[in-house]
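# An overview of the molecular structure
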Amino acid sequence: MKTPTDFLFSLDMKVRDYECDLQGVVNNANYQHYMEHTRHEFLESLGDNFARLHDAGIDAFVYKVSITYKKSLRSGNRFTSSLNCHLKGPRLIFDQYIFTENGEISAYGQIEAVAVKNGEITRGEYFEELLGKVLPE
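Residues numbered from 1 in each chain as written. Predicted model: local features only at pLDDT ≥ 70, side-chain atom pairs only at ≥ 80, totals over all residues. Heavy atoms only, no water.

In this fold, Ser82 is placed in strand β3 (residues 78–88). A relative accessible area of 0% places Ser82 in the buried class. Polar side-chain contacts of Ser82 include one of 2.6 Å to the side chain of Ser10. (Helix = DSSP H or I, 4+ residues; strand = E, 2+ residues; numbered from the N terminus. Buried < 20%, exposed > 50% of the residue type's maximum accessible area, 1.4 Å probe, protein only. Polar contact = N/O pair within 3.5 Å; in protein donor to acceptor, adjacent residues only side chain to side chain.)

Next up on the list: the nonpolar core. Core analysis: the largest hydrophobic core is formed by 30 residues, its most contacted members being Tyr34, Leu73 and Phe94. At the level of secondary structure, the elements contributing two or more residues to this core comprise β1 (9–14), α1 (28–45), β2 (58–69), β3, β4 (91–100), β5 (105–117) and α3 (125–131). Here the element with the most residues in this core is α1; it accounts for 5 residues. Apart from the residues lying within four places of it in its own chain, the contact partners of Leu73 are Val15, Gly24, Val25, Val26, Tyr31, Tyr34, Phe79, Ile98, Thr100 and Ser106. (Core = buried A, V, L, I, M, F, W, Y, C linked by side-chain atoms within 4.5 Å. Contact = heavy atoms within 4.5 Å.)

Scanning all chains against the criterion turns up 9 aromatic pairs. Ring pairs connect the aromatic residues Phe7, Tyr97, Phe99 and Tyr108, which therefore count as one cluster. Between Arg39 and the ring centre of Phe94, over which it is positioned, the NZ or CZ distance is 5.7 Å. (Phe/Tyr/Trp six-rings, centres within 6.5 Å; stacked < 30°, edge-to-face > 60°. Lys NZ or Arg CZ within 6 Å of the ring centre and 35° of its normal.)

Right, dumping it as structure tokens:
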């Protein structure tokens with residue numbers, strides 16, 4: 001069974017009241033928000049951010065998202081959002097998991113991103129450079 005220690009990057013968070021729907025559970029779209037926030041924090045942990053990238057003419061876009069929901073989170077729950085990533089052609093693939101406080105899988109997803117430089121899709125050179133900071137060759 002996977003745990004947050006199996007991942008390249010993890011971030012602890014807490015569910016806020018307004019993220020829940022009428023049934024008292026986190027609305028499905030918020031899991032995607034949690035995963036996105038984790039990717040942003042991962043980028044910052046590597047010394048970069050989306051504003052700097054944009055100023056340099058590079059924009060990263062989500063190309064595809066697939067999320068499976070296993071166990072609902074509720075208001076006040078603490079959880080850990082974790083990610084691994086790898087390159088597949090020009091795409092950066094994120095394998096992301098959200099774990100409950102007791103280690104159960106709440107949701108998992110695969111998010112594919114592409115980089116566009118000055119309006120043209122790249123071959124993933126920026127992603128290669130970025131991952132070179134954290135992945136063994």
